[in-house]
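# Reading the structure
Here's the letter readout for the chains.
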Amino acid sequence: MSLIAKLASRNLFQDRLRFIATIIGIVFSIVLVTIQLGLFLSFERMVSTMIDHAPADLWVTSLGTKCFEDPSLIDKKVETKALSVPGVANAVPMVVGFAEWSLPKGGVTPVFVIGSGTDGLRPWNIIDGRPDDRDKSYSVTVDRTYFSRLGISGVGDGTNIRDLRVDVAAVTNGIRSFTTTPFVFTNLERAQTYIGTSSNKISYLLVHLEPGANIATVRKDLAAKLDKVDIMTPTEFRNRSRDFWLFGTGAGAALFGGALLGAIVGTVIIAQTLYSSTKDHLTEFATLRAIGSSSFYIHKVIICQALLSAVIGFSLAALIDYAVVSFTAESALPVVMTPPLTAGLFLLTVLMCIASALTAIVQVTRIDPARVFKI
Amino acid sequence: MNEAVIEGIDIVKKLGSGAGQVVALRGVSLTLMGGELTLLMGPSGSGKTTLLSVLGCMLTPTSGVVRIRGRKVNGAGPGTLARLRRDHVGFVFQSYHLFPTLSALDNVRLALDVRGERGSAAIGRCRHVLDVVGLSDKRNSFPRELSGGEQQRVAIARAIVANPSAILADEPTGALDSANGQAVMSILADIARDPARGVLVVTHDTRIVPYANRVILIEDGRIIGEEPGGAGRREIRTLYPRAAALQLTNESGGPEGRRSGTSRRNV
């Protein structure tokens, strides 16, 4: 171990109470930031999960559609018009909208119905039953997370939507909505009936291109042929949807604000303890100056202290984060941790600690080496 | 012929500002020669430590010239002064100023580490100087495990390990009993036998006069006299009217007069 690291670690561990306070400050700050950013990531994923799972090269939506859950409708004629555009291999209509699910014990609960053909958006992560069970004329697929909410216990249960029969034909795992409104998958026609929309209206057209077709050219030709629609790539639609929910509603700003506050509080706590530690060791730093050390040498000692705090604090915070992620995995809005987020949080911890060290560095920069003669 | 290690010429140092300003040094000139142990004696507030700080490049003089190994250091910034201290000066302090969390060996290593000297060669040098000061069996002891005398010897090892031209010591025996004080002064006197090194000791303690080549007396920021080393209580009293206030005690354990005859009168 280098002498700088040894001096830094000994300075850090010498006052154990202060060291514990520093670490608690870092841990709480990082856990808070992790939860906020983890929720943000989770929210972001949920907002775009339908778009991510829909097989489409291009999305045709009503003009000005803000997000996937937007109830705006377009004419189903766009399907035949789109199919006539060179380079289009298939165009799958899709409808989405809210409906009221009758609970077996009475009352209703809102659901979000998604209807599409077999080449469109179909449920995934099936854990029971078959979504396209032709024996059941009113078959739907729901997620097991919402069983109690929907008053059902699994495949074979039935109820009504708009007084029309509903049979649960398949069950998924983990298709959850950030709005907490359960998703109900079915085919296009049944969805139109449940939502109560005309059979010549759809929400989206999922366009599949022929192999080798130029997406920009097809998009341009579609735009020329279709009126009052937006044509977007999945990425563009994902971004638009995400921007609406995260920033248009203020939800993202709240999560980011929480994360920022966590980082600021953590920085202040670490700065306070590092400043206090440096103040206690001023004579030692003055001695270093007296024996000819450069300012940079002393700065390295302080930064090393800050980095040690960062590594220890982050390691403990990571353990707590892991527990939080496991604990919320099955909740409506799980906290998500990804390798880039983990790396980013470590970087943030290091930056917080180095920023905190600045106050201490300013303090020792002004130190008078001659003070060693006065003590 | 021995060369001048540090020269201070007509040094004036004012501390503070406005009505609270104090003139700590009023035109002091002093040359520390290689191969020489010089004592700087005077009462509290006489300017001893200020002069030591100026000569050791810790403070810049208000006016006057400081030269280290012939190089004028006036006008140097804090970084340059730190480099000059690193390259030419070793300090020994009354309260040792050892790092309590580091072993004796690591405390000595610090003086080389700040110069960028690391590795086994550096550690070997540190071990050697600890041997020189008689602490070969205390290398791994922490300051709290050492007596005051041993701590001061570690401080001396730290001061000499980088082979500086000048050792400046501020009351090195001030916190020690007679035996330890004699031991510390004996080591400093040995260091001063090297013609390339000069040792300047600020002290109140007349017991250590016998170790000096010369004694310089300072009062009210002015040098008021110089006497060859080895002088006893009576001579110091003669030169220095406030000697009684210094609680001078003439312990008889030192090698009285053994280093006389090499002083240089330049006061």
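Along chain A, the regular secondary structure elements total 11 helices and 12 strands. Since a compact globule built from 375 residues should have a radius of gyration of about 21 Å, the 29 Å found for chain A marks it as more spread out than a globular shape. On the principal axes, the C-alpha backbone points of chain A span a range of 95 × 55 × 30 Å. Counting over 375 residues, chain A shows a buried share of 43%.

A few words on the sheet that holds strand β2 (residues 22-33) of chain B. Residues and elements named next belong to chain B. Across the sheet, which stays open at both edges, the four strands sit in the order β2-β1-β4-β5 with antiparallel pairing between neighbours. Because the sheet does not close on itself, it has two edges, and the strands there are β2 and β5 (71-72). Alignment of strand β4 (residues 63-68) against β5, held across two bridges, turns out to be antiparallel. When the sheet's bridge partners are listed, R67 is paired in β5 with K72.

Below, the discussion takes up the sheet that holds strand β3 (residues 36-41) of chain B. Paired through backbone hydrogen bonds, the strands of a sheet run either parallel or antiparallel to each other. Residue and element names in this part refer to chain B. One open sheet accounts for six strands, arranged β6-β7-β8-β3-β9-β10; its pairing is mixed. Edge positions in the sheet fall to β6 (89-92) and β10 (222-228), since each has one partner strand and no second. Strand-to-strand, the axes of this sheet are offset by a mean angle of 20°, without reference to chain direction. By the bridge criterion, six bridges tie strand β9 (residues 214-219) to β10 in an arrangement that is antiparallel. Following the sheet pairing, R214 is matched in β10 by P228. Contacts between helix α1 (residues 48-55) and the sheet are confined to β3, β7 (166-170), β8 (198-203) and β9, with β8 contributing the most and set at about 155° to the helix.

Moving on, we come to the interface of chain B and chain A. Tallying the contact residues gives 23 residues for chain B and 22 residues for chain A. Contributing elements (two or more residues each) for the side of chain B that touches chain A: α1, α2 (78-88) and α3 (104-113) of chain B. Here the residues of the side of chain B that touches chain A sort into 10 nonpolar, six polar and seven charged.

Looking now at helix α9 (residues 282-290) of chain A. In terms of burial, α9(A) is largely enclosed, as seven of its nine residues are buried. All of the buried residues in α9(A) are E284(A), F285(A), A286(A), T287(A), L288(A), R289(A) and A290(A). Those residues of α9(A) hidden inside the fold are in contact with α10 (295-328) and α11 (339-365) of chain A together with α2 and β6 of chain B.

With that settled, the discussion passes to the nonpolar core. Taken as a class, soluble globular proteins show a tendency for nonpolar side chains to be buried jointly. Of all hydrophobic cores here, the largest spans 126 residues; its most connected members are I156(B), I167(B) and L188(B). With 58 residues, the next largest nonpolar core counts I74(A), V78(A), Y146(A) and V166(A) among its residues.

Residue and element names in this part refer to chain B. Relative to β4, strand β1 (residues 4-15) is paired through five bridges, and the arrangement is antiparallel. Bridge assignment links E7 to a residue of β4, and that residue is R67. Taken together, β4 and the strand that follows it, β5, pair antiparallel across an intervening segment of two residues, in which R69 is found at a positive phi of about 50°.

Residues and elements named next belong to chain A. The domain architecture assigned to chain A consists of domain 1 (3-46 + 250-373) and domain 2 (58-232). Its C-alpha centre places domain 1 at a distance of 48 Å from the equivalent point of domain 2. The interface of domain 1 with domain 2 comprises four residues on the first partner and four residues on the second. Looking at the side of domain 1 that touches domain 2 residue by residue, the classes come out as four nonpolar, no polar and no charged.

Residues and elements named next belong to chain B. With phi around 50°, R69 is a residue other than glycine that occupies positive phi space. With 17 C-beta atoms counted inside 10 Å, the residue R69 sits in the partly exposed group. Unlike most non-glycine residues, Y96 shows phi in positive territory, near 65°. Relative to the helices and strands, Y96 resides in the loop between β6 and α3. Looking at Y96, the number of C-beta atoms within 10 Å reads 22, which means it is buried.

Cut-offs used in this document
Residues numbered from 1 in each chain as written. Chains lettered and ligands numbered in written order. Predicted model: local features only at pLDDT ≥ 70, side-chain atom pairs only at ≥ 80, totals over all residues. Helix = DSSP H or I, 4+ residues; strand = E, 2+ residues; numbered from the N terminus. Rg over C-alpha atoms; globule rule 2.2 N^0.38 Å. Buried ≥ 20, exposed ≤ 12 C-beta atoms within 10 Å, placed from the backbone. Pairing = 2+ DSSP bridges. Axes fitted to C-alpha atoms, helices over the stretch in contact; angles between N-to-C directions. Contact = placed C-beta atoms within 7 Å. Nonpolar A, V, L, I, M, F, W, Y, C, P; charged D, E, K, R; others polar. Core = buried A, V, L, I, M, F, W, Y, C linked by C-beta atoms within 7 Å. Domains from an automatic or database assignment.

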